[in-house]
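Given next are the chains, with one letter for each unit.
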Amino acid sequence: MGADGVYRISLAGEVRWHYPGDADVKAKHVFGAPVVTAEGNVFVGSQDGLILGLKAADGSFRWSYNVKADVDGAAAMGEDGNLYIGADDGRLYALRSDGSLRWSFVTQKDIRSAPAVGQNGTIYIGSFDGNLYALAPTGDVKWVLPTGGRIAATPVLDAEGTIYIGSQDDHLYAVTPAGRVRWAFELPGDIDASVAISDSGVLVVGCDDGHLRALR
């Protein structure tokens, strides 16, 4: 979990490790959820402008990549082993597992949400510029869908590949993999959190009016 740095907590609630381990080093705030891989790696961004690779077993440092801007969103892993993560400089970064840069893509404003990786490795990411972007694994743009407000929510995909994304224009969007809006449902406030999808296909969505809703 992220807080003042990164913690690993046991099922009994005991701290296994904390990064940075040096008590004299002031840890920067970690806002996004860490990504933990089957290979025993932890990837996370922090508000000191660093994307970090750590070892899950003991929290030891593997590598860092400096983007020189707050990294508030969580990362996502592609099937190709690349790490995708956005930052407040408006860029989406694609990093290899060793922390080297593969490519970066520039949006017009901060990226606070996590990417979602869908069919054929397509990466979906929202930006404070109000756009939902679909990128190929090479970083090339497949399509751009404008909304009327900033996007802080992380895109969520269903089994058919439909993308669900909320915007600060008070709408929840259902978007096809080709970038076409299937429907847009208006709510009484900003939609900053991701939707959840039940086993029966019901969408559960929170809104800034303080209500939680279930949509069929």
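See above for the structure.
Residues numbered from 1 in each chain as written. Predicted model: local features only at pLDDT ≥ 70, side-chain atom pairs only at ≥ 80, totals over all residues. Heavy atoms only, no water.

*Asks:* So what's going on with a nonpolar patch on the surface? Residues and values would help.
*Replies:* A surface patch of nonpolar side chains, about 280 Å² in accessible area, is lined by Met-1, Ile-9 and Val-15. Among the secondary structure elements, Ile-9 is positioned in strand E2 (residues 5-9). Under the relative-accessibility criterion, Ile-9 is labelled partly exposed at 38%. (Patch = residues over 30% accessible without salt bridge, like charges linked within 9 Å, V, L, I, M, F, W, Y side chains within 5 Å. Areas by Shrake-Rupley, 256 points an atom, 1.4 Å probe, with all protein chains shown as cover. Salt bridge = Lys/Arg side-chain N within 4 Å of Asp/Glu carboxyl O. Helix = DSSP H or I, 4+ residues; strand = E, 2+ residues; numbered from the N terminus. Buried < 20%, exposed > 50% of the residue type's maximum accessible area, 1.4 Å probe, protein only.)

*Asks:* Requested: an account of the packing of aromatic side chains, with residues and values cited.
*Replies:* For any two aromatic rings, the description comes down to two numbers: the centre-to-centre distance and the angle of the planes. This model, assessed by the stated rule, comprises 6 aromatic pairs. A ring pair is formed by Tyr-84 and Trp-103, whose centres lie 5.9 Å apart and whose planes are at 40°; its orientation type is tilted. Of this pair, Tyr-84 sits in strand E9 (residues 83-86) while Trp-103 sits in strand E11 (residues 101-106), and the two are 19 residues apart along the sequence. Exposure class is identical for Tyr-84 and Trp-103. Each is buried. With a centroid separation of 5.3 Å and 70° between ring planes, the pair formed by Phe-105 and Tyr-133 is classed as edge-to-face. One end of the pair, Phe-105, is in strand E11; the other, Tyr-133, is in strand E14 (residues 131-135), and 28 residues separate them in sequence. In this structure, Phe-105 and Tyr-133 share a single accessibility class: buried. Above the face of the Phe-128 ring, Arg-150 is positioned so that its terminal group lies 4.3 Å from the ring centre. (Phe/Tyr/Trp six-rings, centres within 6.5 Å; stacked < 30°, edge-to-face > 60°. Lys NZ or Arg CZ within 6 Å of the ring centre and 35° of its normal.)

*Asks:* Can you break down the pairing of strand E22 (residues 212-215) residue by residue, with the values?
*Replies:* The two faces of the sheet receive side chains in turn, since in a regular strand these alternate between them. With 4 bridges joining them, strand E21 (residues 203-206) and E22 adopt antiparallel strand pairing. Counterpart to Val-204 in the pairing with E22 is Ala-214. If you look at the hairpin formed by E21 and E22, you'll find 5 residues sitting between the two strands, and Gly-210 has a positive phi there, around 90°. (Pairing = 2+ DSSP bridges.)

*Asks:* An account of the pattern of salt bridges is needed here, citing residue identities and associated values.
*Replies:* Following the criterion strictly, the structure yields 5 salt bridges and no others. With its nearest N and O atoms 2.7 Å apart, the salt bridge here joins Arg-112 to Asp-88. On the criterion of sequence distance, the pair formed by Arg-112 in the loop between E11 and strand E12 (116-117) and Asp-88 in the loop between E9 and strand E10 (91-95) is long-range, its members being 24 residues apart. Asp-209 is paired through a salt bridge with Arg-213; the nearest N and O atoms lie 2.7 Å apart. Overlapping salt bridges bring together Asp-72, Asp-88, Asp-110 and Arg-112 as one network.

*Asks:* Summarise the nonpolar core; cite the residues concerned and give the values.
*Replies:* Core analysis: the largest hydrophobic core is formed by 12 residues, namely Val-35, Phe-43, Ile-51, Trp-63, Val-67, Val-71, Ala-75, Leu-83, Ile-85, Ala-87, Tyr-93 and Leu-95. Taken together, the elements giving at least two residues each to this core come down to E9 and E10. For Trp-63, the residues in contact, after removing those within four places along its chain, are Phe-43, Ile-51, Leu-52, Gly-53, Leu-83, Leu-95, Arg-96, Ser-97, Asp-98 and Gly-99. (Core = buried A, V, L, I, M, F, W, Y, C linked by side-chain atoms within 4.5 Å. Contact = heavy atoms within 4.5 Å.)

*Asks:* Help me get a handle on the environment of Lys-109, residues and values and all.
*Replies:* Note that Lys-109 resides in the loop between E11 and E12. Once residues within four sequence positions are removed from consideration, Lys-109 is found in contact with Gly-90, Ser-127, Phe-128 and Asp-129.

*Asks:* Break down the sheet that holds strand E20 (residues 196-197) for me, citing the residues and quoting the values.
*Replies:* One open sheet holds the 3 strands; their spatial order is E20-E21-E22, and the pairing between them is antiparallel. Edge positions in the sheet fall to E20 and E22, since each of these pairs with one other strand and no more. Pairing analysis gives 2 bridges linking E20 to E21, with the strands arranged antiparallel. Each bridged residue has a counterpart across the sheet, and for Ile-197 the counterpart in E21 is Leu-203.

Structural measurements only, silent on function.
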